[in-house]
There are 6 protein chains.
Amino acid sequence: MTENSQEFTHFNEAGRAKMVDVSKKPLTERKAIAEGKVYTSFETINRIQEAKIEKGDVLGVAQIAGIMNAKKTSDIIPMCHPLNLTGVDLDFEINVKDNYIRIVAEVKISSQTGVEIEALTAVSTAALTIYDMCKAVDKGMEIDEIRLLKKTGGQSGEFVRETE
Amino acid sequence: MTENSQEFTHFNEAGRAKMVDVSKKPLTERKAIAEGKVYTSFETINRIQEAKIEKGDVLGVAQIAGIMNAKKTSDIIPMCHPLNLTGVDLDFEINVKDNYIRIVAEVKISSQTGVEIEALTAVSTAALTIYDMCKAVDKGMEIDEIRLLKKTGGQSGEFVRETE
Amino acid sequence: MTENSQEFTHFNEAGRAKMVDVSKKPLTERKAIAEGKVYTSFETINRIQEAKIEKGDVLGVAQIAGIMNAKKTSDIIPMCHPLNLTGVDLDFEINVKDNYIRIVAEVKISSQTGVEIEALTAVSTAALTIYDMCKAVDKGMEIDEIRLLKKTGGQSGEFVRETE
Amino acid sequence: MTENSQEFTHFNEAGRAKMVDVSKKPLTERKAIAEGKVYTSFETINRIQEAKIEKGDVLGVAQIAGIMNAKKTSDIIPMCHPLNLTGVDLDFEINVKDNYIRIVAEVKISSQTGVEIEALTAVSTAALTIYDMCKAVDKGMEIDEIRLLKKTGGQSGEFVRETE
Amino acid sequence: MTENSQEFTHFNEAGRAKMVDVSKKPLTERKAIAEGKVYTSFETINRIQEAKIEKGDVLGVAQIAGIMNAKKTSDIIPMCHPLNLTGVDLDFEINVKDNYIRIVAEVKISSQTGVEIEALTAVSTAALTIYDMCKAVDKGMEIDEIRLLKKTGGQSGEFVRETE
Amino acid sequence: MTENSQEFTHFNEAGRAKMVDVSKKPLTERKAIAEGKVYTSFETINRIQEAKIEKGDVLGVAQIAGIMNAKKTSDIIPMCHPLNLTGVDLDFEINVKDNYIRIVAEVKISSQTGVEIEALTAVSTAALTIYDMCKAVDKGMEIDEIRLLKKTGGQSGEFVRETE
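Each value, and the rule that gives it
Residues numbered from 1 in each chain as written. Chains lettered and ligands numbered in written order. Predicted model: local features only at pLDDT ≥ 70, side-chain atom pairs only at ≥ 80, totals over all residues. Heavy atoms only, no water. UniProt positions renumbered as here; feature names shortened; annotations may be inferred. Helix = DSSP H or I, 4+ residues; strand = E, 2+ residues; numbered from the N terminus. Rg over C-alpha atoms; globule rule 2.2 N^0.38 Å. Buried < 20%, exposed > 50% of the residue type's maximum accessible area, 1.4 Å probe, protein only. Contact = heavy atoms within 4.5 Å. Lys, Arg positive; Asp, Glu negative; His and termini not counted. Charge placed at Lys NZ, Arg CZ, Asp CG, Glu CD. Least-squares fit on C-alpha atoms with pLDDT ≥ 70 in both. Pairing = 2+ DSSP bridges. pLDDT = per-residue confidence, 0-100. Buried area = accessible area lost by both parts, 1.4 Å probe. Salt bridge = Lys/Arg side-chain N within 4 Å of Asp/Glu carboxyl O. Polar contact = N/O pair within 3.5 Å; in protein donor to acceptor, adjacent residues only side chain to side chain. Nonpolar A, V, L, I, M, F, W, Y, C, P; charged D, E, K, R; others polar. Axes fitted to C-alpha atoms, helices over the stretch in contact; angles between N-to-C directions. Left-handed = near helix turned anticlockwise from the far one by under 90°. Expected span 1.5 Å × (residues − 1). Phe/Tyr/Trp six-rings, centres within 6.5 Å; stacked < 30°, edge-to-face > 60°. Lys NZ or Arg CZ within 6 Å of the ring centre and 35° of its normal.

Under the annotation held in an unreviewed UniProt entry, chain A carries the name Cyclic pyranopterin monophosphate synthase and is attributed to Selenihalanaerobacter shriftii. Its UniProt record gives chain A the following Pathway (unreviewed entry) comment, quoted word for word: "Cofactor biosynthesis; molybdopterin biosynthesis." For the record of chain A, the UniProt heading Catalytic activity (unreviewed entry) holds the text "(8S)-3',8-cyclo-7,8-dihydroguanosine 5'-triphosphate = cyclic pyranopterin phosphate + diphosphate".

Participant: Explain the overall build of chain A here, please?
Facilitator: Per the secondary structure count, chain A includes 4 helices and 6 strands. Expected size for 164 residues packed as a compact globule is a radius of gyration near 15 Å; at 20 Å, chain A overshoots this value by more than 25%. Based on the C-alpha atoms only, the size of chain A along its principal axes is roughly 70 × 40 × 30 Å. Out of the 164 residues belonging to chain A, those deemed buried represent 67%. Considering only contacts within chain A whose residues lie at least 6 apart along the sequence, 73% involve residues at least 24 apart. Of the charged side chains in chain A, 21 are positive and 26 negative; the average position of the first set lies 2 Å away from that of the second.

Participant: Please clarify how the relation of the copies chain F and chain B should be interpreted in this entry.
Facilitator: Put simply, the second copy of the chain is the first one after a rotation about an axis and a shift along it. Screw-axis analysis of chain F against chain B gives a translation of 0.0 Å along the axis, an RMSD of 0.0 Å, and a rotation angle of 180°. This pairing of chains is accounted for by a two-fold axis. Interface overlap between copies: 100% of the residues of chain F at the interface are likewise at the interface in chain B, consistent with a symmetric, same-surface contact.

Participant: Looking at this structure, I do not really get the UniProt feature "domain: Molybdopterin cofactor biosynthesis C (MoaC)" (unreviewed entry) in chain A. What am I missing?
Facilitator: According to UniProt, the "domain: Molybdopterin cofactor biosynthesis C (MoaC)" (unreviewed entry) feature falls on residues 19-154 of chain A. Note that residues 19-154 of chain A is 33% helix and 32% strand, and that its end C-alpha atoms are spaced 18 Å apart.

Participant: Which parts of the structure should I look at to understand the pairing of strand 2 (residues 28-39) of chain A?
Facilitator: Side-chain direction in a regular strand flips from residue to residue, so the side chains alternate between the two faces of the sheet. All names here are of chain A. Here strand 2 runs beside strand 4 (residues 100-111); their pairing, made up of 12 bridges, is antiparallel. Looking at the pairing, Ala32 lines up with Val107 of strand 4. Note that strand 2 and strand 5 (residues 142-152) share 8 bridges and pair antiparallel. When the bridges of strand 5 are listed, Ile33 appears paired with Lys150.

Participant: Honestly, the side chain of A:Ser74 in this entry has me stumped. Any pointers?
Facilitator: Within the fold, A:Ser74 resides in helix 3 (residues 73-76). By relative accessible area, A:Ser74 is classed as buried at 17%. Apart from the residues lying within four places of it in its own chain, the contact partners of A:Ser74 are A:Cys80, A:His81, A:Pro82 and E:Lys71.

Participant: What is the right way to look at unusual backbone geometry in this model?
Facilitator: Leave glycine aside and you will find that most residues have negative phi; peptide bonds, for their part, are mostly trans. Residues and elements named next belong to chain F. If you check the backbone angles, Asn99 has positive phi at about 60° while not being a glycine. Within the secondary structure, Asn99 is located in the loop between strand 3 (87-95) and strand 4 (100-111). According to the relative accessible area criterion, Asn99 is buried, its value standing at 16%. Its identity as a non-glycine residue notwithstanding, Glu145 has a phi of 55°, on the positive side. You can see Glu145 is positioned in strand 5 (residues 142-152).

Participant: What is the right way to look at the confidence of the model for chain A in this model?
Facilitator: All names here are of chain A. When pLDDT is averaged along chain A, the result is 90, and 90% of the positions lie at 70 or above. Put simply, strand 1 (residues 8-10) is where chain A has its lowest mean pLDDT, 60, and helix 3 is where it has its highest, 98. Model confidence for the complex: the whole-complex pTM is 0.94, and ipTM, which rates the interface, is 0.93.

Participant: Would you mind showing me how to read the UniProt feature "active site" (unreviewed entry) in chain A here?
Facilitator: Taking the numbering used here, the UniProt-annotated feature "active site" (unreviewed entry) corresponds to A:Asp132. Counting through the fold element by element, A:Asp132 comes out in helix 4 (residues 116-134). Not counting residues up to four positions away in its chain, the partners in contact with A:Asp132 are A:Lys55, D:Ile77, D:Met79, D:Cys80 and D:Ile117.

Participant: Just to check I follow, could you spell out the interface of chain F and chain B for this structure?
Facilitator: Interface size is often expressed as the accessible area that is lost when the parts come together. Contacts between the two partners involve 4 residues from chain F and, on the opposite side, 4 residues from chain B. Summing both sides of the interface, chain F and chain B together bury roughly 340 Å²; the carbon and sulfur share of this comes to 85%. Considering only the surface of chain F that becomes buried against chain B, F:Val61, F:Ile64 and F:Met68 emerge as the three largest contributors, covering 84% of it. Here chain F and chain B share 0 salt bridges between them. Counting across the chain F and chain B interface gives 0 residue pairs in polar contact (both at pLDDT 80 or more). Class assignment of the residues belonging to the side of chain F that touches chain B gives a composition of 3 nonpolar, 1 polar and no charged.

Participant: Can you walk me through the packing of helix 2 (residues 58-71) of chain A against helix 4 of chain A in this structure?
Facilitator: Geometrically, a packed helix pair is captured by the angle between its two axes and the distance between the axes. Residue and element names in this part refer to chain A. It is the contact of helix 2 with helix 4, at a shortest axis distance of 7 Å, that shows an interaxial angle of 145°. Considering the relative orientation of helix 2 and helix 4, their crossing is right-handed. Contacts between helix 2 and helix 4 involve Val58, Leu59, Val61, Ala62, Ala65, Gly66, Asn69 and Ala70 from the first element and Glu118, Thr121, Ala122, Thr125, Ala126, Thr129, Ile130, Met133 and Cys134 from the second. Across the contact of helix 2 with helix 4, the residue classes break down as 11 nonpolar, 5 polar and 1 charged.

Participant: In this structure, what is going on with helix 4 of chain A? I would like to understand it.
Facilitator: Residues separated by three or four positions in an α-helix point in the same direction, a consequence of the helix having 3.6 residues per turn. Here helix 4 of chain A contains 19 residues, and its C-alpha end-to-end distance of 28 Å stays within 8% of the 27 Å for a straight helix at 1.5 Å per residue. With 19 of its 19 residues buried, helix 4 of chain A lies for the most part within the structure.

Participant: Looking at this structure, I do not really get the packing of aromatic side chains. What am I missing?
Facilitator: Any two aromatic rings considered together are summarised by their centre-to-centre distance and by the angle between their planes. Applying the stated criterion across every chain, the model contains 6 aromatic pairs over all chains. The side chain of A:Lys37 reaches across the aromatic face of A:Tyr100, ending 4.9 Å from its centre.

Participant: Help me out: how do you make sense of the interface of chain D and chain A in this one?
Facilitator: Facing the 45 residues of chain D at the interface are 45 residues of chain A. If you sort the residues of chain D by the area they bury against chain A, D:Lys55, D:Leu128 and D:Lys139 come out on top, with a joint share of 16%. Between the two partners, chain D and chain A, sit 6 salt bridges. As a salt-bridge pair, D:Glu142 and A:Arg161 come within 3.4 Å of each other at their nearest N and O atoms. The set of elements that each furnish at least two residues to the side of chain D that touches chain A consists of helix 2 (58-71), helix 3 (73-76), helix 4 (116-134) and strand 5 (142-152) of chain D. Along the lines of polarity and charge, the residues of the side of chain D that touches chain A split into 19 nonpolar, 9 polar and 17 charged. Where strand 5 of chain A and strand 5 of chain D come together, 2 bridges link them in antiparallel fashion. By the bridge assignment, A:Ile146 is partnered in strand 5 of chain D with D:Ile143.

In structure tokens form, the structure reads like this:
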């Protein structure tokens, strides 16, 4: 990238972080779906369902957090390209048998790079928001199985997670 | 969006917030113009005109605030799509008879969704900045008549506010 | 602030913007309450009440927007001091006779400077969010009467807005 | 919070979200430690160790992401109080037997509210960064066991997660 | 932009700041390269090379800072257009004879406006980060020669800085 | 920080970046003053003085940029502690003999850590803003001599730069 000379020591030529150049890639329609789970106590999951958490409507706040953070993923994840998402949607399922909330996020765009990390960021920050809203009554919650379910569009083609 | 089962209770299927999918809409040239007013005391409007506010040049700061916040509207308004605005301009009129400052903002873009909310955000944050710069001498100021004047481009066509 | 010389022309000594020095002011308990209104059509106010806005739960999203933007007021308003707010709460009243939503925000802190602008920012951005959520069905909405209702704490003492 | 009248319908009095008031709580020394894991393929974990990921030094970037996002947790998590953290540190362990990276984050502050969510945000965003850096070679990675390990300071006292 | 009347005084028609309208300009491939230098003491440059700075890997952190801030240049520089950069890369050279670190940043995009200021922001914030990481041992550091080296694409054509 | 075992390889124990713990340091009154220069062509410096730059009032915009970025230094510089600044002021001197603008920034706070990097960030971003406002007429500008002039408060005591 720059001229060399005896006086210079180049830093970290191999391992250096970069935001990889995608300027030659074509625009394609892309979509990514990710999921994750928040395991809580039996009491907490009931309070969430019955809207008895002092900080307010837990899943309503988590939904908005997921959408807002998906939009600013490139400010949260250092090497992630800035993108103007065209659609973000989150869905929550409350499992009252095993005491967890499943979060699913779907993100859409037409761009030169994919939106997997945006969908995962939506799920992760929605999960953290659930933790934050409920932590006064349950510090033992755990966030698990954050992973990509499906991705379409782009040169690497379609990815669909195999069911276990 | 996800498979169902007896164990799951779906949350808020109807009322849930989403950033609506605009990925199928065509790119069109769009423009929006919005206005708003800040009513002050007689003394305050004179101080602003004579540049006698301790915090500095009131309208110069308000102009920059309006432009900067128009650019980050999607970080301020939760369900608003991120957009790369191509032009933002603000204009201020000082009405020395009725003691108000009228703010007009114009925003331009070529995109899949409109920029009404960006123009309104420019006006609102410019108005708040005027309040902030003058609040040491006038806590009774009031912000009024923030509204869309005109919008062109997009499927819903042109909107022009009727004069009263 | 800096030494002078014949070659220098000082810029804008009088009118220049600054974030005024509050480092000598004592920490005091402070609170501010602000209000504002969003006027809509009859149809829109009914849709909001009946949760029939496509983008989702209008007032739930507006509430979160108000709280989140109150927290980052110093990033929105240029000369505003950064502050760590200790409490933010918003309340909405739907007036079905005159077709408006009244927003009231209350902000608390212990600090060297007041939180009036934080309360007004909460109200303004909640109002903009209501506009954004409903603009697909009603572009004629108007935001009015954004103003400070009450302020306590600090050297300038208590401010209470006189009722009209 | 505001006066009532026959014309008003109060919105969501019970379930409404708020940033709870902590202004009466005393300042105390607080610390929180959280952990999480990123499970990868055998090949990916080796590439990370041998610094053969094209986007750069995976764990170095993840460390900085964790620290930077801990600092802005209140901008990511809606009802979280803004806080000026006094210390953030992250540690990574590579488990070459079970193919995972364990992330541990420790956050410190003297404040009126705790930093559990800041420590969990550091872990989650570091995990997402690892995913982002490696996703070109491994889309099947999974983030698991994000949870609080320990918390000291504050009225609710010490929390230590029981070992399994 | 708005109608006139005797009662109005227009503010600052000539000198007012605006984000200039680029909506009529064509999309072109653009690239900008900028450089800058941080002069340190002999001892500091050795500590950096030997990784003996307490705050961590100085150039690794500076690299990430440069990339992250290039992405959000429009939030840092008031009249700068928001852009979705497609590539950012930074390179560092340590000059052990004259005790300085040279920073070179390259930014790419396809857009209606150039990325010179993004490349300069990457260099400047990387330089500030080096200062921040080393200031505990060397407060006398100096940042110099921040300037554009090359720019291609756009109506104003190519710019190449003449060598001295 | 975490327990060890044969299966784990610790990453980067020595060189890893951290936001150093300042929780045991006392609060003291602190101040920092920094400077920098933007060298332009003869024509550009005259245009700035005569307010003939199309983008608007160059130094007015630069002043606000410096103040706003000083406030968010911890979001720009990775290992920098978040701080609530109590005062920020910038001063500009136009040198019409040697064709440069000298920027001086002063930052104040009462805190556990100093504000040198905040003052330098104010100067650097004000300089970048001058570049951005004038780049349409002068791509050859150069930013130089960004450095700390004075620092008071804190354990390391006073620093005053020696005049050359």
